[in-house]
Each structure stands twice: as C-alpha cells, then as structure tokens.
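Inside the fold
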Amino acid sequence: MKMKRIWIITGAAGHLGSTLLRLLEKTGEPVRGLVLPGEAAPARRNLRYFQGDVRDPESLRPLFQGLEGCQAVVIHTAGIVDISETVSPQLYDVNVNGTRNIVALCREYGIQRLVYVSSVHAIPEKDKTSVLTEVNHFSPGEVTGGYAKTKAEATQLVLDAASEGLDAVVVHPSGILGPYDRSGNHLVQMVSEYIRGRLPACVNGGYDFVDVRDVAKGCLLAAEKGRPGQCYILSNRHYELRDILSMVRSVSGGRKLPVLPMWMAKGAAPLLQWAAKKKKARPLFTSYSLYTLKSNDRFSHDKATAELDYRPRDLMQTLHDTVLWLQRRGAPAGRPRGSII
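Each value, and the rule that gives it
Residues numbered from 1 in each chain as written. Predicted model: local features only at pLDDT ≥ 70, side-chain atom pairs only at ≥ 80, totals over all residues. Heavy atoms only, no water. Phe/Tyr/Trp six-rings, centres within 6.5 Å; stacked < 30°, edge-to-face > 60°. Helix = DSSP H or I, 4+ residues; strand = E, 2+ residues; numbered from the N terminus. Buried < 20%, exposed > 50% of the residue type's maximum accessible area, 1.4 Å probe, protein only. Lys NZ or Arg CZ within 6 Å of the ring centre and 35° of its normal. Contact = heavy atoms within 4.5 Å. Core = buried A, V, L, I, M, F, W, Y, C linked by side-chain atoms within 4.5 Å. Expected span 1.5 Å × (residues − 1). Polar contact = N/O pair within 3.5 Å; in protein donor to acceptor, adjacent residues only side chain to side chain. Pairing = 2+ DSSP bridges. Axes fitted to C-alpha atoms, helices over the stretch in contact; angles between N-to-C directions. Right-handed = clockwise from strand over helix to strand, strands pointing away. Salt bridge = Lys/Arg side-chain N within 4 Å of Asp/Glu carboxyl O.

The next point concerns the packing of aromatic side chains. Per the stated rule, a full pass over the model turns up four aromatic pairs. Ring centres of Tyr-207 and Phe-299 lie 6.1 Å apart, and the angle between their planes is 70°; this geometry places the pair in the edge-to-face category. Of the two residues, Tyr-207 is situated in strand E9 (residues 206-211) and Phe-299 in the loop between helix H9 (287-292) and helix H10 (302-308); the sequence distance between them amounts to 92 residues. Considered together, Tyr-207 and Phe-299 belong to a single accessibility category, that of buried residues. Taken together, the ring pairs connect Tyr-207, Phe-209 and Phe-299 into an aromatic cluster. Seen from the ring of Tyr-180, Arg-22 lies directly overhead, with NZ or CZ sitting 3.7 Å from the centre.

Our focus in this paragraph is the side chain of Ser-289. If you trace the backbone, Ser-289 turns up in helix H9. Non-local contacts of Ser-289, meaning those with residues more than four positions away in its chain, are made with Ile-83 and Leu-284.

On to the nonpolar core. One finds Phe-64 and Leu-114 to be the most contacted residues of the largest nonpolar core, which totals 75 residues. Considering every element that reaches this core, the biggest residue donor is helix H4 (residues 146-163), with seven residues. Setting aside residues up to four positions removed in sequence, Phe-64 forms contacts with Arg-32, Val-74, Ile-102, Leu-105, Cys-106, Tyr-109 and Ile-111. The next biggest cluster of nonpolar side chains, apart from the first, holds 32 residues, and it includes Leu-24, Val-35, Val-212 and Val-215.

Between the first and last C-alpha of helix H11 (residues 315-328) there are 20 Å, a value that for 14 residues agrees with the 20 Å anticipated at 1.5 Å per step. By the criterion of burial, H11 is predominantly enclosed, with 11 of the 14 residues buried. Looking at H11, one finds that the buried residues are Leu-315, Thr-318, Leu-319, His-320, Asp-321, Thr-322, Val-323, Leu-324, Trp-325, Leu-326 and Gln-327. Of the residues that open H11, the one with a side-chain oxygen 2.8 Å from the backbone nitrogen of Met-316 is Asp-314. One or two residues past the end of H11 sits Gly-330, with phi positive at roughly 115°.

For the rest of this paragraph, the subject is the sheet that holds strand E6 (residues 168-173). Ordered in space as E3-E2-E1-E4-E5-E6-E10, the seven strands form an open sheet in which the pairing is parallel. Of all the strands in the sheet, the pair left with one neighbour each is strand E3 (47-51) and strand E10 (231-234). Going across the sheet, the axis of each strand differs from the next one's by a mean of 20°, ignoring polarity. Those strands touched by helix H2 (residues 57-64) are strand E1 (4-10), strand E2 (31-35), E3 and strand E4 (70-76), and its axis lies near 165° from that of E2.

Turning our attention to the pairing of E1. Across the seven residues that make up E1, a large majority, six, are buried. Sheet analysis places E1 next to E4, joined by seven bridges and oriented parallel. The partner of Arg-5 across the bridge, within E4, is Gln-71. Here E1 runs beside E2; their pairing, made up of three bridges, is parallel. Its bridge partner lying in E2, Ile-9 is registered against Gly-33. The β-α-β motif built from E1, the intervening helix H1 (residues 15-25) and the parallel element E2 has right-handed crossover chirality.

Okay, the pattern of salt bridges next. All chains considered together, the criterion is met by 15 salt bridges. Here Arg-107 and Glu-164 are joined by a salt bridge, their closest N and O atoms 2.3 Å apart. Of this pair, Arg-107 sits in helix H3 (residues 89-108) while Glu-164 sits in the loop between H4 and E6, and the two are 57 residues apart along the sequence. On the basis of relative accessibility, which here comes to 41%, the residue Arg-107 falls in the partly exposed class. Of the charged contacts in the structure, one is a salt bridge between Asp-321 and Arg-213, with a shortest N-O distance of 2.8 Å. Here Asp-321 is found in helix H11, whereas its partner Arg-213 is found in helix H6 (residues 212-225), with 108 residues between them in sequence. Residue classification places Arg-213 among the buried residues on the basis of a relative accessible area of 5%.

Taken in spatial order, the three strands line up as E7-E9-E11 in an open sheet, and their pairing is mixed. Strand pairing shows two members of the sheet lacking a second neighbour, strand E7 (175-177) and strand E11 (237-240), which therefore form its edges. Ignoring which end each strand starts from, the neighbouring axes of this sheet average 55° apart. In the sheet, E9 pairs with E11 via four bridges, with the strands oriented antiparallel.

Right, let's get into the environment of Tyr-194. As for its position among the elements, Tyr-194 is in helix H5 (residues 186-195). The class for Tyr-194 is buried, based on a relative accessible area of 5%. Each C-alpha atom of the pair Tyr-194 and Lys-256 lies 10.0 Å from the other, and the pair is 62 residues apart in sequence. With residues up to four places along the chain from it excluded, the contact list for Tyr-194 reads Leu-199, Leu-245, Val-248, Arg-249, Gly-253, Gly-254, Arg-255, Lys-256 and Leu-257.

Rendered as structure tokens:
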C-alpha cells in the first residue's frame, strides 16, 4: 500500500513558499505550512498552518509531529533575503541556525526528503568568462555579501547532513520575480515603483531573473526526481534592468527612464539609501545590489533540465502577470488582459 504523502513548507507566507502552496493545492495532497506567529496567510484547501520560528526548534515540533505512516517531504524556503554587505546577527540566526534546526528535526522525525532552497549567490563566482555550474562544497569565504555568506554556510550544513544519511536535495534559484508576492521581494518592488511612477532612474546592469512559479515547480521536481546529496541550479538567463523595464512599459505604459552608468549609481547609492530611510522605504540600490548587477551570472540550469525536466518560461510572460497582479492589488491601471497561470 502506498504511503500517504504530506508536504511541509517553511516560509509559507513568503513569495516562493506561498507560490508552492498554490501549486500543491492542485494536487489534493495534505500540506503543512509554517508561518511566523501573527503572520497572515490565505486559507487553502488541504492546508493547515502552524505558527513557529525556525530560530526556536521547540516552536517547530508541532509541525513535525503526527507523521507516522506518512511520506513527509520538507521544502525549506524560510529565510531572510538581504541586499546589505554584512552578516547581521538576525540574518545569520535565521538563515544558518534556522536551517540547522530544520535539519536536526528532519533527522529526529525521520523525514523522507528535505529540499533546501539555497541561492545562486552561494556559488563562488569565478571569473566573468566562466559558466557557473553546480559545486559540491560551499564556504562563506568564497562569496561576497552577507546574504551569500549565510546561504553558503547553510548549504554546506545540508550537504554535510546528506553525507551522513539524510535524504536531502539543494536547489539554487537565481533572482526570483513574479506575481503573488506579499512579502517584499526587491525585484517586485522595483516593478511596482516603476508602474507607480516612483522609480527615478534605471541602472546599467542586469542579472539572471527567473519566474517564481518556475522555481516553485523546480522545487517539486527536485522533491520527486532529485538525487540525494545533489544540487540543482534553477535559473533562467541574463536580462538587463533596462530591458526588464522596457517589457513592463510594453504591458502597462510608463515613461522611459534615464540609465545611470554604474560608477554614477555607486556614487549615488549612499544618498539613495539615506533618502529611502527618510521616507521609511527600503532602498533598491545598495552597494551590494549594485555589485550583483555587474557580477558573473552565467548560471547553467542544464543539470536541472536534464535530470528534473526543469524548463523556465520567457520573462515577458512573468512581467505581464506580475503587472496584472500588482494592478489587482491597487497599482495604477494599465493595459494587460488575461489570467495569471
């Protein structure tokens, strides 16, 4: 008799976590979603929310209890995405210690499979001519930026546990963009500010951007088909920021923005951060985010395509659906028509 499968999604109120819940709702399989105490999240069929904090393992025990006779799969998406340069105590506690706690509980409760959502930022950059593929060792000292360092350390924790017998798979998304975000995704913020007429300029740079729905599907494919102890890059391809905004403009209208050269953007970054703080807003362009926009982002998802059948969509569809989502939530009306899939 086939065992009933139960999915456990940490960070269930986040952009990726909530998108995973949307996909899993269609399967009819039972899902447990972890949210922070007091965090709001929409009700869904076959879904039960648990309140807890990855920093506090005792608060997580109810999430893992009562799974006897079930095939339990954990997708650990909970974490802080930060575009500052340093590792703050909170960033480390959530991204590293939180992952350590999840790994320990997966071992204690005999979870059948753990899918850890790392980041392409955990992968060492190499030189700009190199294509970046999966690696099997991660070190904070080999990457730049606080977020990257915490994801590198946490990824190595997961791989170490896999080498000791835990059935774990790692996925590395690139820059996530797409609809359904209620958690403050920086890229969705950029699109929102542009269609509201609040983005003063664009920066001469770009990155590998991928649809959140493709990453969510990639996580489920990794749970189904991924090899234990293996890593899979869930990327798309490089897009310049000016091309991103041009695609948004073709959907919603808007003015063409000046494109700042990188040297000018770097010089203005402290002022932009100060201005954002005065407005009680979050800055989009920091020293680290500007560094990222000129870093090597030649990520290959060939392994994920070959082994998982991972196939990302064109970003034009992503941006159309993102604009439509934002407009439904109160952004200025534009021209997009159709449904979000």
